[in-house]
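# Architecture at a glance
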Amino acid sequence: MEDLIHHDYNKSKIPISPKGKHLFGTVKVGERGQIVLPKKARDVFKISSGDILVVLGDESLEHPGIALMKESFFLEIAQILKTALDITETQKGDEAK
């Protein structure tokens, strides 16, 4: 609430993020393509040194972007989707009998 009340776009040049979204500022891409995630982002998403991140991107959007997520979260989502697909295939097979 404090951030919303005292937010000064002219000073920070960072807009207020939509609910549930985060905007941590900007990062500069190094000569070898590396970036350093802001400490607040690492804290919010519990990212530690040595963690493996999955990088997703979508260039087809009007405003393309990149998303980062922990490998463990990505694998959990993939397992949920695989389970749902397996259930659907099983149900289709049962209906065919």
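Residues numbered from 1 in each chain as written. Predicted model: local features only at pLDDT ≥ 70, side-chain atom pairs only at ≥ 80, totals over all residues. Heavy atoms only, no water.

What the protein chain contains, in helices and strands, is four helices and two strands. Starting at the N terminus and ending at the C terminus, the protein chain contains elements arranged as α-α-α-β-β-α. The buried share among the 97 residues of the protein chain stands at 4%. The contacts in the protein chain between residues at least 6 apart in sequence include a share of 7% that link residues at least 24 apart. In the form shown here, the protein chain has an accessible surface area of approximately 9,000 Å², with 58% of it arising from carbon and sulfur atoms. (Helix = DSSP H or I, 4+ residues; strand = E, 2+ residues; numbered from the N terminus. Buried < 20%, exposed > 50% of the residue type's maximum accessible area, 1.4 Å probe, protein only. Contact = heavy atoms within 4.5 Å. Areas by Shrake-Rupley, 256 points an atom, 1.4 Å probe, with all protein chains shown as cover.)

Another aspect to go through is the environment of F74. For F74, the location among the structural elements is in helix α4 (residues 71-96). Placed 20 residues apart in sequence, F74 and V54 show a C-alpha to C-alpha distance of 7.2 Å. Excluding its chain neighbours within four sequence positions, the residues that come into contact with F74 are V54, L56 and M69.

Attention now moves to a nonpolar patch on the surface. Among the surface-exposed residues, V27, V29, I35, V55, I66 and L68 lie close enough to one another that they form a single nonpolar patch of about 550 Å² accessible area. Its place among the elements puts V55 in strand β1 (residues 53-58). The class for V55 is exposed, based on a relative accessible area of 55%. (Patch = residues over 30% accessible without salt bridge, like charges linked within 9 Å, V, L, I, M, F, W, Y side chains within 5 Å. Salt bridge = Lys/Arg side-chain N within 4 Å of Asp/Glu carboxyl O.)

Another aspect to go through is the pairing of β1. Within a regular beta strand, the side chains point alternately toward one face of the sheet and then the other, so they alternate between its two faces. Strand direction decides the pairing type here: β1 and strand β2 (residues 65-70), joined by six bridges, are antiparallel. Across the sheet, L56 pairs through a bridge with A67, a residue of β2. The loop that links β1 with its antiparallel partner β2 comprises six residues. (Pairing = 2+ DSSP bridges.)

Moving on to the pattern of salt bridges. Under the definition given, this model contains three salt bridges. For K39, the salt bridge identified is with D43, shortest N-O distance 2.8 Å. Here K39 pairs with D43, and both are found in helix α3 (residues 39-44), just four residues apart, close to one helical turn. Between K82 and D86 there is a salt bridge, and its shortest N-O distance comes to 3.1 Å. One end of the pair, K82, and the other, D86, are both in helix α4, four residues apart, so they sit about a helical turn from each other. Judged by its relative accessible area of 46%, K82 falls in the partly exposed class. On the accessibility criterion, D86 (36% relative accessible area) is partly exposed.

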